[in-house]
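Breakdown of the fold
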Amino acid sequence: MTFTLDDLAALIKSRRDDSASNSYTKQLFEAGPPRIAKKFGEEAVEAVIAAMEGDKKALTSEAADVLYHLLVLLEARGVSLGEVVAELGRRTGQSGLAEKASRGAGK
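Residues numbered from 1 in each chain as written. Predicted model: local features only at pLDDT ≥ 70, side-chain atom pairs only at ≥ 80, totals over all residues. Heavy atoms only, no water.

What follows covers the overall build of the chain. When its secondary structure is counted, the chain shows six helices and zero strands. Starting at the N terminus, the α and β elements of the chain follow one another as α-α-α-α-α-α. Counting only C-alpha atoms, the chain reaches 45 × 35 × 35 Å along its principal axes. Each of the 107 residues in the chain was classed as buried or not, and the buried ones make up 24%. The contacts in the chain between residues at least 6 apart in sequence include a share of 53% that link residues at least 24 apart. Split by element, the accessible area of the chain, about 7,300 Å² in all, is 59% carbon and sulfur. (Helix = DSSP H or I, 4+ residues; strand = E, 2+ residues; numbered from the N terminus. Buried < 20%, exposed > 50% of the residue type's maximum accessible area, 1.4 Å probe, protein only. Contact = heavy atoms within 4.5 Å. Areas by Shrake-Rupley, 256 points an atom, 1.4 Å probe, with all protein chains shown as cover.)

In structure tokens, the structure reads:
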């Protein structure tokens with residue numbers, strides 16, 4: 001059986017109804033989007049450090065943390081994984097440089 005990001009997103013969504021004493025995900029939801037965003041940022045920095053150090057095992061672990069916390073953040077703000085995937089699909093219709101230029105010089 002293959003575990004997908006869709007599976008993880010569904011699991012995260014289902015944890016909204018769990019008890020906070022039994023679910024880290026529920027604790028994050030109760031802490032709110034600012035706390036979730038902070039945790040996502042912390043995990044992203046740890047992934048960057050692992051990548052810079054060339055530590056494949058640590059990068060794999062931190063990447064999993066980044067993806068998990070990003071999906072929790074998206075769920076907390078009402079953005080589905082499907083919406084993000086659709087945006088990625090839209091962007092693949094043009095070159096990366098053209099797409100970036102279309103968003104403006106500051107991004």
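Let us now look at the packing of helix H1 (residues 5–14) against helix H4 (residues 56–76). H4 packs onto H1 with a crossing angle of 55° between their chain directions and a minimal axis gap of 10 Å. Considering the angle they form, H1 stands oblique to H4. Along this stretch, H1 crosses H4, giving a crossing that reads as right-handed. Along its contact with H1, which presents Leu5, Leu8, Ala9, Ile12 and Lys13, the element H4 presents Leu67, Tyr68, Leu71, Val72 and Glu75. Classifying every residue of the contact of H1 with H4 by side-chain character gives eight nonpolar, no polar and two charged. (Axes fitted to C-alpha atoms, helices over the stretch in contact; angles between N-to-C directions. Parallel < 35°, antiparallel > 145°, perpendicular 65-115°, else oblique. Left-handed = near helix turned anticlockwise from the far one by under 90°. Nonpolar A, V, L, I, M, F, W, Y, C, P; charged D, E, K, R; others polar.)

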